[in-house]
Amino acid sequence: MSGRRAAVLVLLVGCTILSGCLPRGDQETLLAWLTCGECEAAQRDSVLAVWERSSRRTVWFLGAALYDESYVPDIERRLGREYDLAADGSLSRPEFIADYLARYIQSYRTRAALALGDIGSRSARSYLEWTAADLAQLAEVRSAATAAWVASAGSAPAAIRAVVGYDEPQPDSAPVLPAPAVQVTDANGDPVAGDTVKFELGPGAGSDILADTMQRTNSSGVATLGSWEPSTTPGDHVVLASVPGTGLPQVEFIVTVAGGPASMASVAGDGQQAPAGMIVPRPLVVRVIDAAGTPVPRAEVVFAVVGGGGSVRPDRIMTNALGEAASGAWRLGSMAGSNTVEATTAGVSFVFDAAGLSGGAPALLTTAGAGQLGFAGSALLEAPEVRLVDGGGNPLADYTVVFDADRGQITRPIARTDVNGLAGAGTWIAAGPAGFSRVRAWVPGTSLETWLETRVLQPARIAIASVVSGSRQISMREADGSAAAQFTSHPAGSDEPAWSRDGGRIAFRSLRDGNREVYVMHPDGSGQTNLTQDPDDDSSPAWNPTGTRLVFSSDRAVQGSPDLYTMARDGSDVVRITSGPARDEEPDWSPTHPRIAFHTDRTGDLEIFSVVPDGTGLANLTHHGAADVTPAWSPDGQRIAFASNRDGNFEIWVMDSDGANPTRLTNASGLHLAPAWSLDGRYLFCIAQRVGDATPDLYVILADGSGSRNLSQSADSVVAVSVRP
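This structure is a prediction, so every number in the text was calculated from the model and none was measured.

Mind showing me how you'd approach the overall build of the chain here?
Of the regular secondary structure elements, the chain holds six helices and 53 strands. Counting over 725 residues, the chain shows a buried share of 48%. Of all intrachain contacts in the chain linking residues separated by at least 6 positions in sequence, the fraction that spans at least 24 positions is 47%. Within the structure as shown, the chain displays about 31,400 Å² of accessible surface, and the carbon and sulfur contribution to it stands at 51%.

Which parts of the structure should I look at to understand the sheet that holds strand S52 (residues 708–710)?
As summarised here, the arrangement of the four strands in space is S49-S50-S51-S52, forming an open sheet in which the pairing is antiparallel. Strands with a single pairing partner mark the edges of an open sheet, and in this sheet they are strand S49 (670–677) and S52. Averaged over neighbouring strand pairs, the angle between their axes works out to 30° when direction is ignored. Strand direction decides the pairing type here: strand S50 (residues 683–690) and strand S51 (residues 697–702), joined by six bridges, are antiparallel. Opposite Ile687, over in S51, you have Leu698 as the bridge partner.

How do you make sense of the layout of surface pockets when you look at a structure like this?
Sizing a probe to match a water molecule and rolling it over the atoms shows the empty space that remains. Each pocket or cavity is described by its volume, and for the largest pocket that value is around 1,000 Å³. Along the wall of the largest pocket there are 42 residues; nearest its centre are Pro497, Glu586, Ala674, Pro675 and Val721. Counting residues per element, the ones that place at least two in the lining of the largest pocket are strand S33 (494–499), strand S37 (538–543), strand S41 (584–589), strand S45 (628–633), S49, S50 and strand S53 (718–723). Looking at the lining of the largest pocket, its residues break down into 29 nonpolar, six polar and seven charged.

Is there a simple way to think about the environment of Ser540 in this case?
Note that Ser540 resides in strand S37. Overall, the relative accessible area of 6% leaves Ser540 in the buried class. Ser540 sits 23 residues away from Glu517 along the chain, and the two C-alpha atoms are 9.6 Å apart. Dropping the residues within four chain positions of it, Ser540 is found in contact with Glu496, Val551, Phe552, Ser553, Glu586 and Pro587.

Before we go on, may I ask you to explain the pattern of salt bridges in this structure?
Enumeration according to the criterion identifies 19 salt bridges in this entry. Arg282 is the partner of Asp398 in a salt bridge, and the nearest nitrogen-oxygen pair spans 2.4 Å. Here the residue Asp398 occupies a position in the loop between strand S22 (385–389) and strand S23 (400–405), and Arg282 occupies one in the loop between strand S11 (272–275) and strand S12 (285–289), the gap between them amounting to 116 residues. A residue is classified by how much of its surface remains accessible, and Asp398, at 24% relative accessible area, is partly exposed.

Just to check I follow, could you spell out the packing of aromatic side chains for this structure?
Each pair of aromatic rings is reported with the distance of its centres and the angle of its planes. In total, this model carries six aromatic pairs according to the counting rule given. Between Phe508 and Tyr519, the aromatic rings sit 5.6 Å apart at their centres with planes inclined by 25°, giving stacked as the arrangement. Of this pair, Phe508 sits in strand S34 (residues 506–510) while Tyr519 sits in strand S35 (residues 517–521), placing them 11 residues apart in sequence. As far as burial versus exposure is concerned, Phe508 and Tyr519 are alike and both buried.

I keep staring at the side chain of Thr454 and nothing clicks. Help me out?
Structurally, Thr454 is set in strand S29 (residues 449–457). The exposure class assigned to Thr454 is buried, which follows from its relative accessible area of 1%. Looking at Thr454, its side chain comes within polar contact range of the main-chain oxygen of Gln372, at 2.7 Å. Residues within four places of Thr454 in sequence aside, it is in contact with Gln372, Leu373, Gly374, Leu380, Trp428, Gly435, Phe436 and Ser437.

Which parts of the structure should I look at to understand the nonpolar core?
Side chains that are nonpolar tend, in soluble globular proteins, to be buried together. Counting residues in each nonpolar core, the largest one holds 42 residues, and the members touching the most others are Val286, Val301, Phe303, Trp330, Val386 and Phe403. Breaking this core down by element, the ones donating at least two residues are S12, strand S13 (300–307), strand S18 (337–345), strand S19 (348–357), S22, S23, strand S28 (435–442) and S29. Examining the composition of this core, we find that three residues originate from one element, S19, more than from any other. When neighbours within four sequence positions are excluded, Val301 is seen to be in contact with Met264, Val286, Val288, Asp315, Arg316, Ile317, Thr319, Ala325, Ala343, Thr344 and Thr345. Core analysis: the second largest hydrophobic core is formed by 19 residues, Val184, Val239, Ala241 and Phe253 among them.

Quick question: what am I supposed to make of the sheet that holds S12 here?
Two pairing modes exist for strands in a sheet, parallel and antiparallel, and in both the strands are linked by backbone hydrogen bonds. One open sheet accounts for three strands, arranged S10-S12-S16; its pairing is antiparallel. Unpaired on one side and paired on the other, strand S10 (263–268) and strand S16 (324–326) mark the two borders of the sheet. Averaged over all neighbouring strand pairs, the angle between strand axes comes to 30°, with direction disregarded. One ladder, built from five bridges, connects S10 with S12; its direction is antiparallel. Within the sheet, the bridge partner assigned to Ser263 lies in S12 and is Ile289.

Please explain the environment of Val574 as it appears in this structure.
As for its placement among the helices and strands, Val574 is situated in the loop between strand S39 (563–568) and strand S40 (575–576). As for Val574 and Thr532, which are separated by 42 residues in sequence, their C-alpha atoms are 8.9 Å apart. In contact with Val574, other than residues within four places in its own chain, are Phe552, Arg556, Tyr565, Thr566 and Met567.

Before we go on, may I ask you to explain unusual backbone geometry in this structure?
For residues that are not glycine, phi is negative in most cases, and the peptide bond is trans in most cases. Look at the link from Leu177 to Pro178: it is a cis peptide, with omega at -5°. Among the secondary structure elements, Pro178 is positioned in the loop between strand S1 (159–162) and strand S2 (181–185). Cis peptide bonds are those with omega within 30 degrees of zero, and the linkage from Arg313 to Pro314 qualifies with -10°. Summarising the element assignment, Pro314 is placed in the loop between strand S14 (311–313) and strand S15 (316–318). Positive phi outside glycine occurs at Ser540, with the angle close to 55°. Even without a glycine there, the phi angle at Glu586 is positive, about 50°. On the secondary structure map, Glu586 appears in strand S41.

How do you make sense of the pairing of S13 when you look at a structure like this?
Consecutive residues of a regular strand have side chains that alternate between opposite faces of the sheet. Both S13 and S15 contribute to a ladder of three bridges, which runs antiparallel. For Val302, the partnering residue across the bridge sits in S15 and is Arg316.

Reading the values: the criteria
- Residues numbered from 1 in each chain as written.
- Predicted model: local features only at pLDDT ≥ 70, side-chain atom pairs only at ≥ 80, totals over all residues.
- Heavy atoms only, no water.
- Helix = DSSP H or I, 4+ residues; strand = E, 2+ residues; numbered from the N terminus.
- Buried < 20%, exposed > 50% of the residue type's maximum accessible area, 1.4 Å probe, protein only.
- Contact = heavy atoms within 4.5 Å.
- Areas by Shrake-Rupley, 256 points an atom, 1.4 Å probe, with all protein chains shown as cover.
- Pairing = 2+ DSSP bridges.
- Axes fitted to C-alpha atoms, helices over the stretch in contact; angles between N-to-C directions.
- 1 Å grid on protein atoms, 1.4 Å probe; cavity = no way out; pocket = protein on both sides within 12 Å on 5 of 7 lines; lining within 4 Å.
- Points joined across faces, edges and corners; volume = space filled by probe spheres on them.
- Nonpolar A, V, L, I, M, F, W, Y, C, P; charged D, E, K, R; others polar.
- Salt bridge = Lys/Arg side-chain N within 4 Å of Asp/Glu carboxyl O.
- Phe/Tyr/Trp six-rings, centres within 6.5 Å; stacked < 30°, edge-to-face > 60°.
- Polar contact = N/O pair within 3.5 Å; in protein donor to acceptor, adjacent residues only side chain to side chain.
- Core = buried A, V, L, I, M, F, W, Y, C linked by side-chain atoms within 4.5 Å.

Next comes the structure, spelled out in structure tokens:
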């Protein structure tokens, strides 16, 4: 083969190694010339141009890595070698790349000169002169790049720190997990990617094995050692991490390898007591250490009953990294008296003692949380609580109690009994649908359990009137009593809210215009408008089923003797429907029948009457000598709830829509007024001031009279309530 063809072959082989340094078209040109014996002279100049172009491409490609680190992986792939700093760590990255490039070009120039021996002195000299000039220029590039790289705080490593540590003894002959890792950052604290970190054994490491010790930092500046397997030599084992060529201090990683077990001590569980035949409340825990006091991990500890009978299950446990092992459940023998368990490993041991108590069977008793009223999605007022006692009624402390809700959520489902034997769950959040929900409390390892039951109600939104800073204001509340929004704020006050059946409006009474007037507003409190605009007092609004008319009480006909009127929803078309020398007040329009219930003193005492909206069909429903007031129709129109003092104090009662079957729902000392039904008819709200209440509060009671709950419990007096449909 001619010298020229040999030279081309060298170039092609080199380009193959470089995997793409020569464009495909140039490769085809050289191959064609290499296989053509008759066209050497004609193509000499073009071949030399291709050659020179390819050499310049290689020099430029390597030099680009001085400024753009993203070229480094391509350099590694194209050169077929791993990029690394000099072995002695004395060169920075730009210095190393520049030196490597200089050596590469010098070697390539020498090979090229030999291969070009017979091309001609002019061509050979031209190529040699070009590489010499390029090397001179490269020296300048190297100097500038090194200075810029060293001066740049954003790229130069300025700190190295450990990102993992080891606070626990390490089992011998097992890989250290997680492996040592460091983070390299610049002067601004930003991660430095692509730097080489060297991991090496420190003093006292013995015959530890390290793998993949030269690691480059990732995009987060973190480099992780491949693996580290300590030897069996007891004591401290050290690995050092450094960034070569930076002068940064080494980072030290230390793990301690324990020797053989030398002693065992109790950590917990000694000296307990429990009824005979029961499991003691806490596990037995031991710690195993070597002669130097170092915890021994992965040592098998055997727990065995040596006195009193009973059992321990499981009975073989490996120590953890702290040298600790915890037994399984220890059930005492069936006879009262002393019980003992011995824990042993490798010739060392410890004996635990427990007292078996005499008496009858223990019991788990409910002390709080049962029989409540709760709203779906809301927390109940009382958290479930139980008490664990022995057969003699004595409290059993330190036992685990688990609480499980069949519906809803317990926020702290596991508790331990205190010195009084009490264990309480966290908040009990009820879940729908409406009905009963239960919580099971039980003691693991025993048959002891108890159930706590509550009544779950469907949530609702209500408008209430309460005294706020000296005046009555209307606000919206959730059914559980929590505040949602305040609707009114006029200093003259607002009360008697009444939600329309479609939920689109709220009627109310206010004194803001100098006398009592009926107003209406949107459900967000906006658009407050006076509907009555009459100089006499108007109050107690209530909506018809379609939300097109309202009934209200007014003394515009006879001062001091209010009658019932109806009007359109915009205040027009006012119609008087009752008359006479009596006070007709607190009307409520039936949701299903053309009847309006109200209370009146026209018989000499306060009674519940009903009337057709056109004023006909007036009827007395209560016929009782006591005061019967504030009627409220049930959602199905079949019943009327009201307040009555017929048993001495005002309580909430319910009767059929025709007045039959009056039944008392509440039976508590104090005052109960203004009932309002839930939309499903399962429960009622009412205003009550019971003994112990500083002010009237909002209560909820079940429609069958069972259960009650104070929803407001505030210093502000609640005076009226309306449920949003």
